[in-house]
Amino acid sequence: MPDIPPYMLACFHSGKLALLAILVSGGIVLQILSCALYDNWWPMITVIMYVLLPMPLLFFGGSSSDSGNSWVEATKFLTGASAIGSIAIPAILKHAGVIGWGALTMEFASFFIFVIAMVWYIRMSDDDEYRSL
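Right, let's walk through the structure included here. If you're wondering where the values come from, they're calculated on a predicted model, not measured in any experiment.

Scoring rules and cut-offs
- Here, residues in each chain are numbered from 1, in the same order as that chain's written sequence.
- Reporting of local features is limited, given that this is a predicted model, to residues whose pLDDT is at least 70; pairs of side-chain atoms are given and counted only at 80 or more, and all residues count toward the totals for whole chains, interfaces and linings.
- Based on all heavy atoms of the structure, the side-chain values leave hydrogens and waters out of the count.
- Numbering of helices and strands runs from the N terminus; a helix is a DSSP stretch of H or I covering at least four residues, while a strand is a stretch of E covering at least two.
- Summary of the burial criterion: residues with accessible area below 20% of their type's maximum are buried, those above 50% are exposed, and those between are partly exposed, where the area comes from a 1.4 Å probe applied to protein chains only.
- Pairs of N or O atoms within 3.5 Å make up the polar contacts considered here, provided that, within protein, one atom can donate a hydrogen while the other can accept it, and that residues adjacent in sequence are counted only when both atoms are side-chain atoms.
- Contacts were defined at the residue level, with two residues in contact if any of their heavy atoms lie within 4.5 Å.
- Side-chain atoms within 4.5 Å are what join buried Ala, Val, Leu, Ile, Met, Phe, Trp, Tyr and Cys residues into a set we call a nonpolar core.
- The span you would expect from a helix comes to 1.5 Å times its residue count less one.
- What we call the bend at a residue is the angle made by axes fitted to the seven residues finishing there and the seven residues starting there.

### A closer look at unusual backbone geometry
Logical step 1: Its identity as a non-glycine residue notwithstanding, Asp39 has a phi of 50 degrees, on the positive side.
Logical step 2: Mapped onto the fold, Asp39 is located in the loop between helix H1 (6–36) and helix H2 (46–52).
Logical step 3: Since its relative accessible area comes to 67%, Asp39 is described here as exposed.

Structural data, given as structure tokens:
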């Protein structure tokens, strides 16, 4: 994009960050609303999985990318287990009759929005133009 002035590029990248912040905030709001609207705070257990999700990557992500490395394999397993737990906990709560369909729907919508935000963040961090600022 050589035709666009640098100040316009800076505004465009600031808009990407703003959209990322709006997505994460929307996910948090849906998470809280799924509990507050139905006066049942059990779905908040899912927040534990959201906190645990990046931990294996933070602790073991700096290892070498050797496919035979057991730390890399453990990191992949723990991250996958946390991601599945984020979906499984609300489903188990619904199956047990602890939460209703509305809370389950909001929980899944919150998870979907968080996934979109993570993909958007990864896409932004891989963008060469974004790194040039």
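### With respect to the side chain of Thr79
Logical step 1: Counting through the fold element by element, Thr79 comes out in helix H4 (residues 70–95).
Logical step 2: On the basis of relative accessible area, Thr79 is assigned to the buried category, the value being 18%.
Logical step 3: Here Thr75 takes part through its backbone oxygen, which lies 2.8 Å from a polar atom of the side chain of Thr79.
Logical step 4: What Thr79 contacts, discounting residues up to four positions off in sequence, is Leu53, Pro56 and Leu57.

### What to know about the nonpolar core
Logical step 1: With seven residues, the main nonpolar core is built from Leu20, Leu23, Leu30, Met106, Ile113, Ala117 and Met124.
Logical step 2: Mapped onto this core, the elements with two or more residues apiece are H1 and helix H5 (101–126).
Logical step 3: Element by element, the count of residues in this core is highest for H5, at four residues.
Logical step 4: Residues in contact with Ala117, not counting those within four places in the same chain, are Leu20, Leu23 and Val24.

### A look at H4
Think of an α-helix as 3.6 residues a turn; residues three or four steps apart then line up on the same face.
Logical step 1: With 26 residues, H4 ought to run about 38 Å at 1.5 Å a step, and its terminal C-alpha atoms sit 35 Å apart, in line with that.
Logical step 2: At Ser86, H4 shows its maximal kink, close to 30 degrees; a proline, Pro90, follows between one and four residues later.
Logical step 3: What H4 keeps buried is the set Val72, Thr75, Thr79, Ser82, Gly85, Ser86, Ile89, Pro90 and Leu93.
Logical step 4: Positive backbone phi, at 80 degrees, marks Gly97, one or two positions downstream of H4.

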